[in-house]
Amino acid sequence: MSRIGTDGGASSDHADNESGENPSRRRFMRSAAAVSTVGALGALAGCTGGGEDNSGGGDDSGSDSGSDSSGSESITIDYLNAQAVENSSTKAHFQESLKSFEEKQGDVTVKLQTASYGDIRSKLASTVSSGNPPTMAESGGGGLQFYLDGKVPDHSPFIEGTDRLPGDYTAANLDSAQYRGEYWSAGGMRHTNSNLGISPKLFSQVGVSDPFEELSTWSGFLDAVEKIDEQTDAIGYEETGVPGDLESYWGYARAAYTGGTDPWIRQSDDPDNPTIVVANEDHEDQGKTDGMMKTCVKMAQEFSSEESAQRGDEEIPSLMLTGKVASFNYAVPTANRWRAIKEDVQFGWNGGEGDFMLLPHPKVDAEFGSNFGISELEGVEGEHGGHMWALEQQQTIFNASDAEQNAAWDLNMFLLGDDEFVLPAWGEHYEALPGLQPKLQRILDEYELAQSTEQAYKNTDTYGKQYATTGAAWDVRDTDPIRWTDINETISEAIAGQHSIEETPSLVRSRIQDRLGQ
Amino acid sequence: MSQETAQRIRQKYGLEETTLMDRVRENWVGYLFIIPTFVMFTILFYYPIVRGVYLTFTNTRLGQAGSFVGLENYSWLLTNDLFHFAFGWTLAFVFGTTLLQLVIGLFAALLLSEIRSGWRDWTSAIIMSPYFSAPLAGGVIWMWFLNNDFGMLPMIISDLLGVETPIFLADGIWPYVSLIVAQSWHDYGYAGIIYAAAIVGIPREQYEAAALAGAGRLRRFRDVTLPHLVTPTIIILALRTAWNVAEFAQPFELTGGGPGTRTMLMSILTYETAYVNLQFSRAYTLGMTMILVSMTAAIFYVTVIKDEEDLYV
């Protein structure tokens, strides 16, 4: 907005100048200077995020539905959501489902606003700071900030008012929705999880015949990746090393432990001063945590492309389907993103002829440390299914009238628990794991799923109890900056060669300490 | 001469000291016309700026007002390694892109001035088109153009020249070069438009006179064209510097500050601080630095033009 204004100003000033009068030139230079300064100020003003940004992308879904039919007063709720625009078919499904929700409720109108996951945080921040928050939003971890600032009510009364919650929540949802024992969120509609993804063609080429057996440990996996690296032109293992996609590392970082123990931060007696395990000389688990962090950087440096510090997970399917990449650790249940690249993609091993296969993250075995030259991991054993995304999808209800909040809660329960919405949403339109545990089996029974989706579901079943989303259990305010910036960005810098493998854990530690004020 | 007459003469030639109220009374219609703009600017611009300055002295976070913390944010800034790097790289980025935009814009304008009418409109539309494309779209175009696996440029270089291509967005100095080139591509049209207008305005007679005096093409460019371009150059410099300091969308799309944090610009760092780390007050503080850079540059340019004007007086 300001940009158009200033550019226009400059060119009219310029026309003045062309008339050839010197005094006007001086004036015009002054205004040019003023305008340019204002230009930079505009960047800052843009940052204050004046609330005028809340109109874009809004979709009014069926506002004409039955509000007149019942005698009671009709209620309109605003619902901001990113899930609905993950792909075109989810959007249609959301719109239809919301219409049927409105019909069922009779007196509720839902105004659906959408934003991509990249934009939703800034969009939400600007609507909240302008005093005009939606009634309910897919707020992700930002919702916790709003809760701590008093913009979001305690969700316990809503949850206690149901007969199926919190019991039916998945472990990851239960973990994410609570902060020091209080419910700040209504749970997330769905999760995805990260797993090992391989190219059966490339792995069979180097002699792997039973991936579930041979790639079940890090040593076995390493052995196969080394062979691919030596015997083929393909990249044996590609780290998705851009800070925003290093959740791959979050997935296998826990594999040095059993039972889902948190590798990074553990609660202590003082909730504001949790124990940082990373690079903690006094902690017995330091070696496991530091060892897997070093494994991440070393795997990237030894096997991944030189772009791996920049690599986003969206690029992997096209690279794997063209035989350029053999494996990565960011495989998610969503089969559609593979079909989008190649319509008849072959999921699963298929006698070594498949295009893409999903496996659990390998287990850390006692020999892996010495095999890969990471001394901290010598003799260490552990296993873990992967990382579960749960914080990002948390939905929160904002401060509003009781009637609006109740209607929003009804909508939340509909999105969590109504088979008409849940089963097609996560079994068909965007394959993912439902937010309520009992729905998992329902989807498995209902749909013929791709190998990758089915295996991701099985991994959840096997490791579900210990599955946790990274950071949810830390119960600190700065969960997001710690995981995305202090951990991921620092590791990404190491992959980009900005600092050495050896100093990475201690750098991560000092950044977390700064963040926590320790 | 009486006191009264002297005052009348001074008034007549506008030499009389006038108070603000006098001026308002005299030009009230003018003031009336600027009131709506002034009010809108106050609401949308001056107030947020003043508030932004205040917020740098608080610990404001996402959606929360925060309390006064004095200079804490500034001391955080000065002790932050990533900021030091981003500051230096932003200066290099701004210098590189502004300079390239000037040069390419000048060539584009000269080229257009040589084209006979008819094709001229179409050619100018095509040449200036990057400037009118959305910066994010420009980022995507360049990302695919430079993509190491599927991109056109690496393909051309390796197939035609048989040379191994660097990885443009990751390898050594190349991400820096790529960002500067891509940004120059996007915005040179701005310089081009202003230069083209300036060149059109140069009186033909001066070229004829120079030609008659035996000046060749290059000489005419140096002695006739260039002097007319000094002022447009300074305008372009001032405006492009400010905009390039604040440039965000295309670099963010292309490298996002990576690999690691190796191409972290202040604008990207500001975004990250605000929307990933949710530390708005620190983001404002970073914004202050960006303003400072733009203002310093603007003051420098104004001083230069003043000196240049003095030459003509």
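The shown structure was predicted, so the numbers you read here are calculated from the model rather than taken from an experiment.

### Observations concerning the overall build of chain A
Scanning chain A from terminus to terminus reveals 21 helices and 15 strands. Residue burial in chain A is summarised as follows: out of 518 residues, 62% are buried. A separation threshold of at least 6 residues defines the contact pool for chain A, and within that pool the share at least 24 residues apart is 75%. Of the roughly 18,500 Å² of accessible surface on chain A, a fraction of 43% belongs to carbon and sulfur atoms.

### Description of the side chain of A:Glu431
Residues and elements named next belong to chain A. Within the secondary structure layout, glutamate 431 lies in the loop between helix H17 (419-429) and strand E15 (433-434). Within the local environment of glutamate 431, its side chain forms a polar contact with the backbone nitrogen of alanine 335, the two atoms lying 3.3 Å apart. For glutamate 431, the contacting residues outside a window of four places in its chain are Pro333, Thr334, Ala335, Asn336, Arg339, Trp426 and Thr453.

### Here we look at the confidence of the model for chain B
Residue and element names in this part refer to chain B. In the predicted model, chain B carries a mean pLDDT of 88, and the fraction of residues at 70 or more is 95%. Element-level pLDDT for chain B is lowest in helix H1 (residues 3-12), with a mean of 72, against a maximum mean of 94 in helix H5 (residues 81-114). ipTM for the predicted complex: 0.83, alongside a pTM of 0.84.

### What about the pattern of salt bridges?
Summed over all chains, the structure comprises 32 salt bridges over all chains. A salt bridge links A:Glu238 to A:Arg311, with the nearest nitrogen and oxygen atoms 2.7 Å apart. Highlighted residues: A:Glu238 in the loop between helix H10 (218-231) and helix H11 (247-253) and A:Arg311 in the loop between helix H12 (286-303) and helix H13 (316-321), separated in sequence by 73 residues. Each member of the pair, A:Glu238 as well as A:Arg311, is classed as buried. The partner of B:Asp223 in a salt bridge is B:Arg222, with the nearest N and O atoms 3.3 Å apart. A relative accessible area of 37% places B:Asp223 in the partly exposed class.

### Remarks on the environment of A:Glu383
Residue and element names in this part refer to chain A. Counting through the fold element by element, glutamate 383 comes out in the loop between helix H15 (368-372) and strand E13 (388-389). A C-alpha to C-alpha distance of 25 Å links glutamate 383 and aspartate 168, two positions 215 residues apart in sequence. A distance of 2.8 Å separates a polar atom in the side chain of glutamate 383 from a polar atom in the side chain of tyrosine 463.

### A few points about the packing of aromatic side chains
Residue and element names in this part refer to chain A. Enumeration over the complete set of coordinates arrives at 40 aromatic pairs over all chains. Centre to centre, the rings of tryptophan 264 and tryptophan 474 are 6.2 Å apart; their planes meet at 75 degrees, and the pair counts as edge-to-face. In this pair, tryptophan 264 is assigned in the loop between H11 and strand E9 (265-266) and tryptophan 474 in the loop between helix H19 (451-463) and helix H20 (479-495), connecting sequence segments 210 residues apart. By relative accessible area, tryptophan 264 is classed as buried at 0%. Ring centres 3.7 Å apart and planes at 10 degrees place the aromatic pair tryptophan 338 and phenylalanine 356 in the stacked group. One end of the pair, tryptophan 338, is in helix H14 (residues 336-339); the other, phenylalanine 356, is in the loop between H14 and strand E12 (357-359), with 18 residues separating them in the sequence. By the burial criterion, tryptophan 338 is buried, and phenylalanine 356 matches it.

### Re helix H6 (residues 120-132) of chain B
All names here are of chain B. In a regular helix each residue adds 1.5 Å, so 13 residues correspond to 18 Å; H6 covers 18 Å between its end C-alpha atoms and thus fits that length. A maximum bend of about 35 degrees is found in H6 at isoleucine 126, where proline proline 130 lies one to four positions downstream. Three or more residues of H6 are buried, namely Thr123, Ile127, Met128, Pro130 and Tyr131.

### Observations concerning the sheet that holds strand E11 (residues 327-331) of chain A
All names here are of chain A. The strand order E11-E8-E12 describes an open sheet built from three strands, whose pairing is antiparallel. Either end of the sheet is taken by a strand with one partner, and the two such strands are E11 and E12. Taken over all neighbouring pairs, the strand axes of this sheet differ in orientation by 35 degrees on average, direction set aside. As paired strands, strand E8 (residues 195-198) and E12 are joined by three bridges and run antiparallel to one another.

### Points about unusual backbone geometry
Residue A:Pro166 is reached from A:Leu165 by a cis peptide bond, and omega for that bond is 0 degrees. In this structure, A:Pro166 sits in the loop between helix H6 (156-160) and helix H7 (171-177). A cis amide bond links B:Gly258 with the next residue in sequence, B:Pro259, at an omega value of 0 degrees. Residue placement: B:Pro259 occurs in the loop between helix H13 (249-254) and helix H14 (266-276). Although it is not a glycine, A:Asn350 adopts a positive phi angle of roughly 50 degrees. For A:Asn350, a relative accessible area of 40% gives the class partly exposed. One non-glycine residue, A:Asp475, lies in the positive phi region at around 55 degrees. Residue class for A:Asp475 comes out buried when judged on its relative accessible area of 12%.

### Re the sheet that holds E15(A)
Residues and elements named next belong to chain A. The three strands are arranged E13-E7-E15 in an open sheet whose pairing can be described as antiparallel. Edge positions in the open sheet fall to E13 and E15, since each of these has one partner strand only. The pairing of strand E7 (residues 190-193) with E13 spans two bridges and is classified as antiparallel. Bridge pairing links threonine 192 to tryptophan 389 in E13.

Calculation notes
Residues numbered from 1 in each chain as written. Chains lettered and ligands numbered in written order. Predicted model: local features only at pLDDT ≥ 70, side-chain atom pairs only at ≥ 80, totals over all residues. Heavy atoms only, no water. Helix = DSSP H or I, 4+ residues; strand = E, 2+ residues; numbered from the N terminus. Buried < 20%, exposed > 50% of the residue type's maximum accessible area, 1.4 Å probe, protein only. Contact = heavy atoms within 4.5 Å. Areas by Shrake-Rupley, 256 points an atom, 1.4 Å probe, with all protein chains shown as cover. Polar contact = N/O pair within 3.5 Å; in protein donor to acceptor, adjacent residues only side chain to side chain. pLDDT = per-residue confidence, 0-100. Salt bridge = Lys/Arg side-chain N within 4 Å of Asp/Glu carboxyl O. Phe/Tyr/Trp six-rings, centres within 6.5 Å; stacked < 30°, edge-to-face > 60°. Expected span 1.5 Å × (residues − 1). Bend = angle between axes of the 7 residues up to and from the residue. Pairing = 2+ DSSP bridges. Axes fitted to C-alpha atoms, helices over the stretch in contact; angles between N-to-C directions.

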